[in-house]
Amino acid sequence: MVGLVEQLQTLQVVAAGVFAQVEHGALGTHGGHEAALNAGVNAAALGAVTGELPKWTLLIPFLPLLGCVLCGVCAILKVRNKLPAVITVACIAGAFAATVGAYMHTMHDGHAQTAVVKAWDWIRFVWGTEYKSPREFIANFSFYVDSLTCLWMLFVTGLATLIALYASEYMAGDVKTAGYARFYVAFCLFVFSMACLVMGDNLLLLYLGWEGVGLCSYLLIGYFYKKPSAVAAAKKAFIMNRIGDLGLSMGLMLTYVHFGTVEYAKLFPLIQTYLDLAQHGKIDEIPFIVQAIPVLFTIGAFGKSAQIPLYVWLPDAMEGPTPVSALIHAATMVTAGVYLVARFFPLYLCSEWALPIVAWGGALTALLAATIGMAQFDIKRIMAYSTVSQLGFMFAGIGVLGAVGGAAHVFTHAFFKAMLFLSCGAVMHGFAGQLDLRKLSGVAKIKGWKIVSLAMFVGCINLAGVPFITAGFWSKDMIIGDAFADHGMVAIGWILLGTAGLTAYYTFRVFFRVFMGPVQYEAGDEVHGDADHANHANHANHGHSDAHGAQEHGSAAHAAFHPHAPGLAINAVLLILAVAAFAVIPLVHDFSGGGGHSFWASSMVHGSTAGVEPPHAEHYKPFGMDAHRFAMIGSIIVGLVGIVVAFFLHYVGRTSSATSKADSIKLGAIQTAAQHKWYVDEAYHAIFVLPLRVLAHVFHAFDKMVVDGLVNLFGMVPRGLGHTARRTQTGVLHDYALRMAGGLAVVVLAIWFLHSGGWSGWGGPGLVEVGSVGGVRP
Amino acid sequence: MNVLLDGLTLAQGGFPEPMASATLYHYLMTSGMLFVIGLIGFVTRRNLIIMFLCTELMFQAAGIALIAFSRFHLNHTGESFVVFVLTIAAAEAALALALVVLLFRRKESLDAAEWAEMRG
């Protein structure tokens, strides 16, 4: 291996001179692109670099990395105050400011430009000669910033700043432990990894970020590492993601094998040629390998974004602290899969199967997760299933050729879902870990909970898609409309429309049960911390008896429990998010009339590689109406029906927290199955885990008996010999002396025997010749 | 047998008159017998001091053999070797006896069989 690397490096040196010319020509590095830009040619090529950004763009990924290092130093120095939170908020806010700056530059003079900012050479191999198959493998640590990158990074860094602020209060119970700094180390590392994922200018850096966010997700789900369920959830998330990552890595390798580069700026122009074929209806002429790459990417995307069949890790990921659930498992990381599909949208268009897989996978996941969400009682889990469901919407949106709708929904969803999670987190924080909607009621009427309730309400109307006044309505509507407009995908439109109704129902089920109705609550008795935290509950003042102090409330102070309302940081963050959720409405819908696509999110998508025009297809007109108009009417109806049903079942006439009219609806097996998440976990356990476990036992037995047996046999031979030989070691001096004498006698006799000429000469003295040879001196 | 005797019937450089008939053969026989006596003594006796004396006997047997050969070959190497050996043997005897005394103090016995701690 080392030898190979050395050889490559030597070749690189040798070939450097030869390549100087090639690099600026055919292979087209940045220099080449700059030249092209200066000459005013090639500016319109797909994904090509068309502008440049100042170096401070590098602050976007590297400020969070700095924060990570500083928080790590805090952990080492055993800082036991809120310093890590301050560092994190400052660093990520800095990254957000840099993102806004980069966005301003990118969207300079109206249309989006694309720039690559290079940090340093990362991987660079060049081999072959100019005449005989010149090859290179270049993956720089550089960042590809176009409008899609900006769209993603704006909400990633923005929300990360707010959620870090929220977490400073939410995690306050852990300030006196090592956990606080550890939390923020992983938090910062996550933002850095996410920046690498979204901004990387090549697939390898994307992959680094992809694994990085997976790692941080693992670390943060397993934050309460003394709690077995949290550890199991972390492991599950990690393993599920590895299955997806295998797909992504295979796609990455195939990309290099076929296209010879992993850098976007070189890759997309190459994809363009296939895209032209696809757009002219010659998709049959595209090689199989090119069509397979997006399918493999989809596996990765479905793992990271929790779609069928790899979605089961996300609901379990709720074992992590709520800010983590809000940031990583609702707003940002889980949209990485959507980003991947959007980024490689041109490549997806080159494949016959990839987009239908994306669309159907997304739609079915949306429906399945929504049905599970309807039957759950844990409010955080309901939100988790709604995240899975909404991610399904996004994939379905892109799958039905509506990259704009998908990306817009990512954007709006990030705000309202983060807000929903943070509101649930505030409830959990205030009610000592209580998450069961049967044990909470009328929270909105308790003093000090107005802002949380307001934020929850805003989140709910967005998720439920209350018409016209919510961003969630417009972005979801766009997806459903695109589905109806796509001739072959009308069935997906109907599925999504139905799911929208279910979404409205389960969203308001939570709201009406937890926040409305009679004031009645029960403290959680579930300890959401490890033993360290339980110790800290002892000196917990009531103002900060959070979820981790739950044990105290659960046992000693159960009767006297009164919830503590959230403090300034939580309320401020929720208020900002509530305002933001409305503020983004004009960004995702064109109010100039005509249902056009001239709004911000659309321009952000169209300015990037996701903005390619899909092959023209006949627009379907359901019931003779424009698809989008039909979708809007449909989603208004199902949304309102869902809310009204929830209103009558869970609000009207409800007298206690534990019961509602919905209890009288008996659906028998369906209800039970939905509560048990359709037994998917059990099925996976039976189909994959159990056979593997049996196989493991078989291999273990083989290892024990055959392999170990063989090894032990080799050990037993010398042991037996030793056992025999040790008897000679009596420790008695005479025995040794006797044996020495015996040995001497044997040697003497042997020599005598040999010199007397063997058996034939036996009898004569053997030393005769020896003596005579000794010679007589004259 | 005669060949052997003829070959060895030489006291090169001459022996003193009374021992004129003593040959290398006789010296080697003496040495060998002395060695065997020492060996038998070492193996059969259990008293540490006696065993030590027996080792001295074997030592001297080797010394005699060396001197005899040295004389026979008219070469002083053997003799000078024996001088050194004797010196070292004296030092070693002092050490060995001291050890014997220590061993005796530990067990109040000179029986070599008492010391069998290296049993495997």
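Residues numbered from 1 in each chain as written. Chains lettered and ligands numbered in written order. Predicted model: local features only at pLDDT ≥ 70, side-chain atom pairs only at ≥ 80, totals over all residues.

1. Let's talk about the overall build of chain A
Link 1 in the chain: Of the regular secondary structure elements, chain A holds 30 helices and four strands.
Link 2 in the chain: Looking at the 778 residues of chain A, the share that counts as buried comes to 51%.
Link 3 in the chain: Long-range pairs, those at least 24 residues apart, make up 80% of the contacts in chain A with a sequence separation of at least 6. (Helix = DSSP H or I, 4+ residues; strand = E, 2+ residues; numbered from the N terminus. Buried ≥ 20, exposed ≤ 12 C-beta atoms within 10 Å, placed from the backbone. Contact = placed C-beta atoms within 7 Å.)

2. With respect to the overall build of chain B
Link 1 in the chain: In terms of regular secondary structure, chain B is built from four helices and zero strands.
Link 2 in the chain: Along its sequence from the N terminus, chain B presents helices and strands in the succession α-α-α-α.
Link 3 in the chain: Burial status across chain B gives 11% buried among its 120 residues.
Link 4 in the chain: Look at the contacts in chain B between residues 6 or more apart in sequence, and 45% of them connect residues 24 or more apart.

3. Examining the confidence of the model for chain A
Residues and elements named next belong to chain A.
Link 1 in the chain: Confidence in the prediction for chain A averages 83 pLDDT; 86% of positions are at 70 or higher.
Link 2 in the chain: Here helix α2 (residues 30-39) is the element of chain A with the lowest mean pLDDT, 38, and helix α7 (residues 203-221) is the one with the highest, 94.
Link 3 in the chain: Scored below 50 in pLDDT, residues 1-43 shows 34 contacts in the model against residues more than four places distant or in partner chains.
Link 4 in the chain: The model gives residues 766-778 a pLDDT under 50, and that stretch makes 19 contacts with residues more than four places away or in other chains. (pLDDT = per-residue confidence, 0-100.)

4. Remarks on helix α10 (residues 288-304) of chain A
All names here are of chain A.
Link 1 in the chain: With 17 residues, α10 ought to run about 24 Å at 1.5 Å a step, and its terminal C-alpha atoms sit 25 Å apart, in line with that.
Link 2 in the chain: Judged by how many residues are buried, α10 sits mostly within the fold: 13 of 17 residues are covered.
Link 3 in the chain: One or two steps after α10, the chain reaches Ala-306, where phi turns positive at roughly 55 degrees. (Expected span 1.5 Å × (residues − 1).)

5. Digging into unusual backbone geometry
Link 1 in the chain: Here the residue pair Ile308(A) and Pro309(A) is connected by a cis peptide bond, since its omega of 5 degrees sits within 30 degrees of zero.
Link 2 in the chain: Among the secondary structure elements, Pro309(A) is positioned in the loop between α10 and α11 (313-316).
Link 3 in the chain: Phi is positive for Lys78(A), close to 60 degrees, though the residue is something other than glycine.
Link 4 in the chain: With respect to the secondary-structure elements, Lys78(A) resides in the loop between α3 (59-76) and α4 (83-106).
Link 5 in the chain: Positive phi values are uncommon outside glycine, yet Leu74(B) reaches one of about 55 degrees.
Link 6 in the chain: The topology assignment puts Leu74(B) in the loop between α3 (48-73) and α4 (77-107).
Link 7 in the chain: Judged by C-beta crowding, with 9 C-beta atoms within 10 Å, Leu74(B) ranks as exposed.

6. Brief notes about the nonpolar core
Link 1 in the chain: Ranked by size, the top nonpolar core spans 242 residues in total, and within it Val341(A), Ala396(A), Ala407(A), Ala418(A), Met419(A), Leu496(A) and Leu577(A) carry the most contacts.
Link 2 in the chain: Leave out the neighbours within four places in its chain, and Met419(A) touches Ala455(A), Val458(A), Gly459(A), Leu574(A), Leu577(A), Ala578(A) and Ala581(A). (Core = buried A, V, L, I, M, F, W, Y, C linked by C-beta atoms within 7 Å.)

7. Describing the environment of Phe59(B)
Link 1 in the chain: Within the secondary structure, Phe59(B) is located in helix α3.
Link 2 in the chain: With 30 residues separating them in the primary sequence, Phe59(B) and Ala89(B) have C-alpha atoms 8.2 Å apart.

8. Brief notes about the packing of helix α17 (residues 403-430) of chain A against helix α23 (residues 568-583) of chain A
All names here are of chain A.
Link 1 in the chain: Close contact between α17 and α23 brings their axes to 9 Å; oriented N to C, the two are set at 155 degrees. Classified by the angle their axes make, α17 and α23 are roughly antiparallel. When you trace α17 past α23, the crossing you get is left-handed. Only Ile-570, Val-573, Leu-574, Leu-577, Ala-578, Ala-580 and Ala-581 of α23 make contact with α17, whose side of the interface consists of Phe-415, Phe-416, Ala-418, Met-419, Leu-422, Ser-423 and Ala-426.
Link 2 in the chain: A per-class count over the contact of α17 with α23 returns 13 nonpolar, one polar and no charged. (Axes fitted to C-alpha atoms, helices over the stretch in contact; angles between N-to-C directions. Parallel < 35°, antiparallel > 145°, perpendicular 65-115°, else oblique. Left-handed = near helix turned anticlockwise from the far one by under 90°. Nonpolar A, V, L, I, M, F, W, Y, C, P; charged D, E, K, R; others polar.)

9. Quick look at the packing of α4(A) against helix α6 (residues 179-199) of chain A
Residues and elements named next belong to chain A.
Link 1 in the chain: With their axes 9 Å apart at the nearest point, α4 and α6 run at an angle of 10 degrees to one another. Classified by the interaxial angle, the pair formed by α4 and α6 is roughly parallel. Judged by residue contacts, Pro-84, Ala-85, Thr-88, Cys-91, Ile-92 and Ala-95 of α4 engage Tyr-180, Ala-181, Tyr-184, Phe-187, Cys-188 and Val-191 from α6.
Link 2 in the chain: Split into classes, the residues belonging to the contact of α4 with α6 amount to eleven nonpolar, one polar and no charged.

10. As for helix α9 (residues 264-279) of chain A
Residues and elements named next belong to chain A.
Link 1 in the chain: Approximately 30 degrees is the largest bend angle found in α9, and it occurs at Thr-273.
Link 2 in the chain: Regarding α9, the residues found buried are Tyr-264, Ala-265, Lys-266, Leu-267, Phe-268, Ile-271, Tyr-274, Leu-275 and Ala-278.
Link 3 in the chain: At the C-terminal side of α9, Gly-281 shows a positive phi close to 70 degrees. (Bend = angle between axes of the 7 residues up to and from the residue.)

11. Topic: the confidence of the model for chain B
Link 1 in the chain: For chain B, the average pLDDT comes to 84, and 83% of its residues sit at 70 or higher.
Link 2 in the chain: Taken over the whole predicted complex, pTM reads 0.74, whereas the ipTM for its chain interfaces reads 0.78.

12. Comments concerning the environment of Ser592(A)
Residue and element names in this part refer to chain A.
Link 1 in the chain: Positionally, Ser-592 belongs in the loop between α24 (585-588) and α25 (600-606).
Link 2 in the chain: Given 9 C-beta atoms within 10 Å, Ser-592 falls into the exposed group.
Link 3 in the chain: Considering only alpha carbons, one finds Ser-592 and Phe-238, 354 residues apart in sequence, at a separation of 46 Å.

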